[in-house]
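Examination of the molecular architecture
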Amino acid sequence: MHKSHNDDIGFQVQQISHLVKQLQNERLVKEDLSISHMNVMFVLYEEDRVNQSHIQNNLGIKASSLSKLIDILIQKGLVTRESPAGDARSKIICLTDLGKEKQSQLYNVRDELEKQLTEHLSEAETKQLAKMLSQVKRNIVKE
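Let me begin by describing the structure that accompanies this report. Small disclaimer: the values here were computed from a predicted structure and weren't measured. Just so you know, the residues in each chain are numbered from 1, in the order the chain's sequence is written. It should be noted that, the model being predicted, local features are given only for residues of pLDDT at least 70 and side-chain atom pairs only at 80 or more, the latter also being counted only at that level, while totals for whole chains, interfaces and linings use all residues. Processing note: side-chain calculations cover all non-hydrogen atoms of the structure and skip hydrogens and water entirely.

**Some remarks on the side chain of Q24**
Let me state the cut-off plainly: Under the scheme used here, helices are H or I runs from DSSP no shorter than 4 residues and strands are E runs no shorter than 2 residues, and both carry numbers assigned from the N terminus. By definition in these notes, contact holds between two residues if any of their heavy atoms fall within 4.5 Å.
Residue position: Q24 is located in helix α1 (residues 9-28). With near-sequence residues (within four places) excluded, Q24 lies in contact with I35, M38, V109, R110 and L113.

And the structure:
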């Protein structure tokens with residue numbers, strides 16, 4: 001006998017992912033950003049002035065998808081795209097002053113969701129969950 005679809009770990013992860021994205025996007029409406037935009041910003045908050053391929057590798061998305069996200073962030077005045085001297089193919093992405101000003105707001109959005117997700121978990125359970133999810137991700141990626 002097969003286990004219930006609702007007990008399937010892959011299905012549970014998919015459902016949680018969908019719900020988390022939905023909640024994040026609802027919270028980001030006031031910032032006029034999506035979760036995908038926020039993820040790009042978080043990479044830049046950790047290390048500003050990075051090559052576009054660094055962001056792509058960090059987020060695990062296609063170059064064309066990232067390029068569209070960056071184009072929107074440029075339109076919103078949050079980042080710039082520069083070509084280093086002598087290398088027109090390489091693109092460096094930098095935060096603008098406005099992008100830097102958004103940092104605390106975006107971290108607050110993330111922290112609020114994290115608090116909701118772990119509301120009935122102890123600190124030890126939260127750390128254990130993060131550790132297990134990291135291991136699950138490594139099992140999938142296996143570089």
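**Some points on the sheet that holds strand β1 (residues 50-51)**
Counted only if it meets this: Two strands make a pair as long as DSSP finds a minimum of two bridges between them. Helix axes use the C-alpha atoms of the stretch in contact, all axes being lines fitted to C-alpha atoms, and the angles between their N-to-C directions lie in the range 0 to 180 degrees.
The strand order across the open sheet formed by three strands is β1-β3-β2, and the pairing between neighbours is antiparallel. Each having just a single partner strand, β1 and β2 (79-82) make up the two edges of the open sheet. Alignment of β1 against strand β3 (residues 92-95), held across two bridges, turns out to be antiparallel. Within β3, the residue paired with V50 across the bridge is I93. Here helix α4 (residues 63-75) sits on the sheet and contacts β2 and β3; the angle it forms with β2, its principal contact strand, is near 120°.

**What about the pattern of salt bridges?**
Here is the rule: When a carboxyl oxygen of Asp or Glu lies within 4 Å of a side-chain nitrogen of Lys or Arg, that pair is called a salt bridge. Each residue's exposure class comes from its accessible area (1.4 Å probe, protein chains only) as a fraction of the maximum for that residue type: buried when under 20%, exposed when over 50%, partly exposed otherwise.
For the structure on display, the rule yields seven salt bridges. Between E123 and K127 there is a salt bridge, with the nearest N and O atoms lying 3.4 Å from each other. Pair noted here: E123 and K127 are both in helix α7 (residues 123-141), with a separation of four residues, about one helical turn. Classification of K127 by relative accessible area gives exposed; the value is 57%.

**Notes on the nonpolar core**
Convention followed: Within this scheme, the nonpolar core is defined by two criteria: the residues are buried Ala, Val, Leu, Ile, Met, Phe, Trp, Tyr or Cys, and they are joined through side-chain atoms within 4.5 Å.
Counting 23 residues, the largest nonpolar core has M41, L44, I55, V79 and L106 as its most contacted members. Elements with a contribution of two residues or more to this core: α2 (35-46), α4, β3 and α6 (103-117). Here this core gets eight residues from one element, more than from any other, and that element is α2. Those residues in contact with I55 that lie beyond four places of it in its chain are V40, V43, L44, V50, L66 and I93.

**Here's the deal with the packing of aromatic side chains**
This is how the line gets drawn: We call Phe, Tyr and Trp rings a pair once their centres come within 6.5 Å, taking the six-membered ring for Trp, and we label the pair stacked below 30 degrees between planes, edge-to-face above 60, and tilted otherwise. Consider the ring centre and the ring normal. A charge sits over the ring if Lys NZ or Arg CZ is within 6 Å of that centre and within 35 degrees of that normal.
Under the criterion given, the structure shown has three aromatic pairs. In this structure, R110 is placed above the aromatic ring of F42, and the distance from its NZ or CZ to the ring centre is 4.8 Å.

**Observations concerning the packing of helix α3 (residues 52-59) against α4**
Put simply, the test is: If an angle is under 35 degrees, it is roughly parallel; if it is over 145, roughly antiparallel; if it lies from 65 to 115, roughly perpendicular; otherwise it is oblique. Each crossing gets its handedness from the near helix: less than a right angle anticlockwise from the far helix is left-handed, clockwise is right-handed. For this scheme, ten residues count as nonpolar: Ala, Val, Leu, Ile, Met, Phe, Trp, Tyr, Cys and Pro. Four count as charged, namely Asp, Glu, Lys and Arg, and the remainder, Gly too, count as polar.
It is the contact of α3 with α4, at a shortest axis distance of 10 Å, that shows an interaxial angle of 115°. It follows that α3 is roughly perpendicular to α4 by the angle criterion. Judged by the sense of rotation from one axis to the other, the crossing of α3 with α4 is right-handed. For the pair α3 and α4, contact is made by Q52, I55 and Q56 and by A63, L66, S67 and I70, respectively. Tallied by class, the residues present in the contact of α3 with α4 amount to four nonpolar, three polar and no charged.

**Topic: a nonpolar patch on the surface**
Filter applied, for reference: For patches, a residue must show more than 30% relative accessible area and have no salt bridge; joins then use 9 Å for like charges and 5 Å for nonpolar side chains, namely Val, Leu, Ile, Met, Phe, Trp and Tyr. The method behind every accessible area is Shrake-Rupley, applied with a 1.4 Å probe, and residues are considered shielded solely by the protein chains displayed.
A cluster of nonpolar residues, L121, L129, M132 and L133, forms a patch on the protein surface that exposes about 330 Å² of accessible area. Note on placement: L133 falls in helix α7.

**A few points about the environment of C94**
For C94, the location among the structural elements is in strand β3. Taking the relative accessible area as the measure of exposure, C94 reaches 4% and is therefore buried. When residues no more than four places from it in sequence are discounted, the contact partners of C94 are D48, R49, L78, V79, T80 and E82.

**Looking at the side chain of E31**
Secondary-structure assignment places E31 in the loop between α1 and α2. Residue class for E31 comes out buried when judged on its relative accessible area of 10%.

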